[in-house]
Amino acid sequence: MSELCHDFEIFPRDNVTGYKSYRFGDFKVRRDEYFAHLTWPNGEHIMPIDGFMRALMRAVAWKFFYGTVSFDAVFGTTNHYGEVDVFAGTYHEVLKRAGRDHLQRFDSDELHEIFTDMVRDWTNEGYDPFAAPGETGGAWGRKNGDNDAAVDRKRVTAERMVGLPGDAPMRTDDNGFPQNRMLADVESDQPVVEAEPGFEGEVAAFNLFDYLSRSDVTWNPSVCSVVKESLYCPTSEEFTLPVEHGNDRVEWFIQLSDEIIWDVKDKNTGRPRARVTMRPGDVACMPADIRHQGFSPKRSMLLVWENASPRIPEMIIKGEAPVVPVTF
């Protein structure tokens, strides 16, 4: 296990661009009007600021999610659930071979704090890094206001099922969630539930398509139902998944509407392994040894099923659990 780094620094605002710069361990990050610039002891990297911001927003909102969240082919994080690796080039075949890679491990809460400050400072008024590009202002330009209401959104995490008494609320017009412009034709009728007396708080149902049609963010899986360690995490997708997600467990996808094209790569090298096109009714499994990124030409609805057991990653590392759901 890597030694934890607790060394962080926030630099004053640049006199020209107006943005802060940041250092976490050996990594330094700054932005200008168009790009994020990253440096580490034996390397440097540049990313367009819009792509960096969309990825940074997910890293913050997901609390680093599970497995690996690659901002692009070079830079990203790996969640060890309480501790987080920040890496550059570690999963890039050429940089790794050239010895230009670098990795450091941080306390999750400490790193999350500085990433949160970064996404707040680098988000300008009118820009929403959680929304589809066609629904928001641009990430470019000099510092101009803030949009804390957008970046401070909380991921929906039901404990049993959305809509049950005391659990995560439904999305409705009444609580400020109108149907999205691309999903305005989705029926909003809700099922009728007639529970036996005494079971009113135990039996429920809701219109999942209507629920997803009212999502005001993209590529942000909400936990809508929980049965022990089994999570249903549906989401609405438009444009490009802002990260390459490297699984640390098997993950199931069920395409509910429209179409998503997935690029699937080897997790450690980035070499292409497959391209998967999913249309309504299609079911696919993403193995535990890959990274994937999706492209949704029109806003679509996807159901993600996850086994959230914290034992699975270690079992896979030890060879006690497979990286695929079935071997033919």
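Chains are numbered independently. Their residues run from 1 in the order of the written sequence. Only residues with pLDDT of at least 70 are given local features in this predicted model, and only at 80 or more are side-chain atom pairs given and counted; all residues enter the totals for whole chains, interfaces and linings. In computing side-chain values, all of the structure's heavy atoms are included and hydrogens and water are not.

Looking now at the packing of aromatic side chains. One pair of aromatic rings is described through two measures. These are the centre distance and the angle between the planes. Between 30 and 60 degrees the pair is tilted, below 30 it is stacked and above 60 it is edge-to-face, where a pair is any two Phe, Tyr or Trp rings, Trp via its six-membered ring, whose centres lie within 6.5 Å. Scanning all chains against the criterion turns up 17 aromatic pairs. On the basis of an interplanar angle of 70 degrees and a centroid distance of 6.3 Å, the ring pair of F27 and F75 is categorised as edge-to-face. Of this pair, F27 sits in strand β4 (residues 27-31) while F75 sits in strand β8 (residues 75-79), and the two are 48 residues apart along the sequence. Accessibility classification places F27 together with F75 in one group, the buried group. Ring geometry for W62 and F65: centres 4.4 Å apart, planes at 35 degrees, overall tilted. Across the pair, F65 and W62 agree in class, each one buried. Each member of the aromatic cluster is reached from another via a ring pair, and the members are F8, Y22, F24, F27, W40, F52, F64, F71, F75, F106, F115 and W122. Geometrically, a charge over a ring is one whose NZ (Lys) or CZ (Arg) sits within 6 Å of the ring centre while staying within 35 degrees of the ring normal. Taking NZ or CZ as reference, R31 lies 4.0 Å from the ring centre of Y19, over its face. The residue whose ring lies beneath R249 is Y66, and the NZ or CZ to ring-centre distance is 5.3 Å. Only DSSP runs of H or I reaching four residues or more are called helices, and only runs of E reaching two or more are called strands; each is numbered from the N terminus. In this scheme, a residue with accessible area under 20% of its type's maximum is buried, one over 50% is exposed, and one in between is partly exposed, where area comes from a 1.4 Å probe on protein chains only.

So, about unusual backbone geometry. Phi angles above zero are rare outside glycine, and K63 is one such case at about 55 degrees. By the secondary structure assignment, K63 is in the loop between α1 (49-61) and β7 (68-70). For K63, a relative accessible area of 33% gives the class partly exposed. Look at F239: it is not a glycine, yet its phi comes out positive at around 70 degrees. Following the sequence through the fold, F239 ends up in strand β12 (residues 230-240).

Tracing the backbone through its elements, the reader meets G126 in the loop between α3 (108-122) and α4 (148-151). For G126 and T78, which are 48 residues apart along the polypeptide, the C-alpha to C-alpha distance reads 31 Å. It only takes one pair of heavy atoms within 4.5 Å for two residues to be counted as in contact. Not counting residues up to four positions away in its chain, the partners in contact with G126 are T136, G137 and N147.

Glancing now at the UniProt feature "domain: Hydroquinone 1,2-dioxygenase large subunit N-terminal" (unreviewed entry) in the protein chain. Annotation from UniProt places "domain: Hydroquinone 1,2-dioxygenase large subunit N-terminal" (unreviewed entry) at residues 14-156. Between the first and last C-alpha atoms of residues 14-156 the distance is 36 Å; the span itself is 26% helix and 29% strand. UniProt positions are given in the numbering used here, feature names are shortened, and annotations may be inferred rather than shown by experiment.

Their axes nearest at 10 Å, the elements α1 and α3 cross at an angle of 140 degrees. By the angle between their directions, the pair α1 and α3 is classed as oblique. As α1 packs across α3, the resulting crossing turns out to be left-handed. Residues I49, F52, M53, L56, M57, A59 and V60 of α1 form the contact with α3, whose participating residues are H112, F115, T116, M118, V119 and W122. Looking at the contact of α1 with α3 residue by residue, the classes come out as eleven nonpolar, two polar and no charged. To define axes, lines are fitted to C-alpha atoms, for helices over the stretch in contact only, and angles between the resulting N-to-C directions are given on a 0 to 180 degree scale. These descriptions rest on fixed angle ranges, namely under 35 degrees for roughly parallel, over 145 for roughly antiparallel, 65 to 115 for roughly perpendicular, and the rest for oblique. Handedness of a crossing is defined here by the sense of rotation of the near helix relative to the far one, left-handed for an anticlockwise turn of less than a right angle and right-handed for a clockwise turn. Put simply, Ala, Val, Leu, Ile, Met, Phe, Trp, Tyr, Cys and Pro go in the nonpolar bin, Asp, Glu, Lys and Arg in the charged bin, and everything else, Gly too, in the polar bin.

In space, the five strands of this open sheet follow the order β2-β3-β4-β5-β6, with antiparallel pairing throughout. Two strands bound the open sheet, and with one partner strand each, they are β2 (8-11) and β6 (43-48). Neighbour to neighbour, the strand axes of the sheet diverge by 15 degrees on average, direction disregarded. Note on pairing: DSSP must find at least two bridges between two strands before they are called paired. Relative to β6, strand β5 (residues 35-40) runs antiparallel, the two being bridged by six bridges. If you follow L38 over to β6, its bridge partner there is H45. Packing of α1 onto the sheet brings it into contact with β4, β5 and β6, and relative to β6 it is tilted by some 95 degrees.

So, about the pairing of strand β15 (residues 260-266). Note: β15 against strand β16 (residues 272-278), six bridges, orientation antiparallel. Along β16, the bridge assignment pairs I261 with T277. Connecting the antiparallel pair β15 and β16 is a turn made up of five residues, with G270 showing a positive phi of about 85 degrees. As judged from the six bridges shared by β15 and strand β18 (residues 290-307), these two strands associate in the antiparallel manner. For K265, the partnering residue across the bridge sits in β18 and is R291.

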